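Each chain, written out:
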Amino acid sequence: VDVGAMVSAWFIGWVMRKQGRRAGFLLGEFAGMLACLTCAGALYLNSLALLTIGGFLLGIWSAAAYYARFVAGDVVSERLKGRAVSWVLVGSSICASAGPVLATRTSTVLPRQFMAFYLIAAILALVSMIVAFLMKLPNHRHRHPAEAEAGGGGVGFVEGPS
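Residues numbered from 1 in each chain as written. Predicted model: local features only at pLDDT ≥ 70, side-chain atom pairs only at ≥ 80, totals over all residues. Heavy atoms only, no water.

*Asks:* Before we move on, could you go through the packing of aromatic side chains and cite the residues and values that matter?
*Replies:* With the rule as written, the count across this model stands at 3 aromatic pairs. Judged by centre distance (5.9 Å) and plane angle (25 degrees), the rings of Phe11 and Trp14 are stacked. Of this pair, Phe11 and Trp14 both sit in helix H1 (residues 2-19), 3 residues apart, roughly one helical turn. Through pairs of rings, three or more aromatic residues link up here, namely Trp10, Phe11 and Trp14. Of note, Arg22 hangs over the ring of Phe133, and the distance from its end group to the ring centre comes to 5.9 Å. (Phe/Tyr/Trp six-rings, centres within 6.5 Å; stacked < 30°, edge-to-face > 60°. Helix = DSSP H or I, 4+ residues; strand = E, 2+ residues; numbered from the N terminus. Lys NZ or Arg CZ within 6 Å of the ring centre and 35° of its normal.)

Here it is in structure tokens:
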């Protein structure tokens, strides 16, 4: 996982800079969904090699998620930066606590241990991908000072791609 995050962090940042933040988050969520399906398949096939590939893909998902706290601070007014970053950290902490509980509770649902957890995580990644697709994120960090003072340019939802 760490190697996947380390290798892909620069690429995710490059995608966000060139194609927009939404594209970077979509790439990360897609990697997460693919990672979870790969890990579930690895457990089913009893394949360490496939599980290693899945772990690398999980790192790509993590690298994209690490950017969330920075983006949260970039898309709100100065007055709300601390609160926005705090909400991202609270959400991360909740997920970090809920993940092991979900893994434990679902560990024996399917014939292979933890396979159900990876399938549920793949569904959650798909839901996150849909949310990321619907979000309207400004592509540039620097906004016009009047817009920043008014609190504009923040996160919103759109009907189609932007």
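*Asks:* With reference to specific residues and values, describe unusual backbone geometry.
*Replies:* Even without glycine at this site, Asn46 takes up a positive phi of about 60 degrees. Here Asn46 shows up in the loop between helix H2 (21-45) and helix H3 (48-74). On the accessibility criterion, Asn46 (63% relative accessible area) is exposed. If you check the backbone angles, Phe114 has positive phi at about 70 degrees while not being a glycine. Residue position: Phe114 is located in the loop between helix H4 (81-105) and helix H5 (115-134). (Buried < 20%, exposed > 50% of the residue type's maximum accessible area, 1.4 Å probe, protein only.)

*Asks:* Could you give an account of the packing of H1 against H3, naming the residues involved and the relevant values?
*Replies:* Where H1 meets H3, the axes come as close as 7 Å, and the angle between the chain directions of the two elements is 50 degrees. One way to sum up the angle between H1 and H3 is to call them oblique. Judged by the sense of rotation from one axis to the other, the crossing of H1 with H3 is right-handed. Residues Val3, Gly4, Ala5, Val7, Ser8, Ala9, Ile12, Gly13 and Met16 of H1 pack against Phe56, Gly59, Ile60, Ala63, Ala64, Tyr66 and Tyr67 of H3. Residues belonging to the contact of H1 with H3 are distributed by class as follows: 12 nonpolar, 4 polar and no charged. (Axes fitted to C-alpha atoms, helices over the stretch in contact; angles between N-to-C directions. Parallel < 35°, antiparallel > 145°, perpendicular 65-115°, else oblique. Left-handed = near helix turned anticlockwise from the far one by under 90°. Contact = heavy atoms within 4.5 Å. Nonpolar A, V, L, I, M, F, W, Y, C, P; charged D, E, K, R; others polar.)

*Asks:* Tell me about H2, and name the residues and values.
*Replies:* Here H2 contains 25 residues, and its C-alpha end-to-end distance of 36 Å stays within 8% of the 36 Å for a straight helix at 1.5 Å per residue. Positive backbone phi, approximately 60 degrees, marks Asn46, located one or two places after H2. (Expected span 1.5 Å × (residues − 1).)

*Asks:* I'd like a rundown of the nonpolar core, residues and numbers included.
*Replies:* Side chains of a nonpolar character, in soluble globular proteins, are inclined to be buried together. With 31 residues, the main nonpolar core has Ile12, Phe25, Cys36, Leu58 and Tyr118 as its most contacted residues. Other than its neighbours up to four places away in sequence, Leu58 contacts Val1, Ala35, Cys36, Cys39 and Tyr118. (Core = buried A, V, L, I, M, F, W, Y, C linked by side-chain atoms within 4.5 Å.)

*Asks:* Give me the pattern of salt bridges: which residues, what numbers.
*Replies:* Considering all chains together, one arrives at 2 salt bridges under this definition. One salt bridge connects Lys81 with Glu78, and the closest N-O pair in it is separated by 3.6 Å. For Glu78, a relative accessible area of 63% gives the class exposed. (Salt bridge = Lys/Arg side-chain N within 4 Å of Asp/Glu carboxyl O.)

*Asks:* Which residues make up the packing of H3 against H4, and what are the values?
*Replies:* The contact between H3 and H4 brings their axes to 8 Å, and the two run at 155 degrees. The orientation of H3 with respect to H4, classified from their angle, is roughly antiparallel. For the element pair H3 and H4, the recorded crossing hand is right-handed. Residues Ala68, Arg69, Ala72, Gly73 and Asp74 of H3 form the contact with H4, whose own contacting residues are Lys81, Ala84, Val85, Val88 and Leu89. In the contact of H3 with H4, the residues fall into 6 nonpolar, 1 polar and 3 charged.

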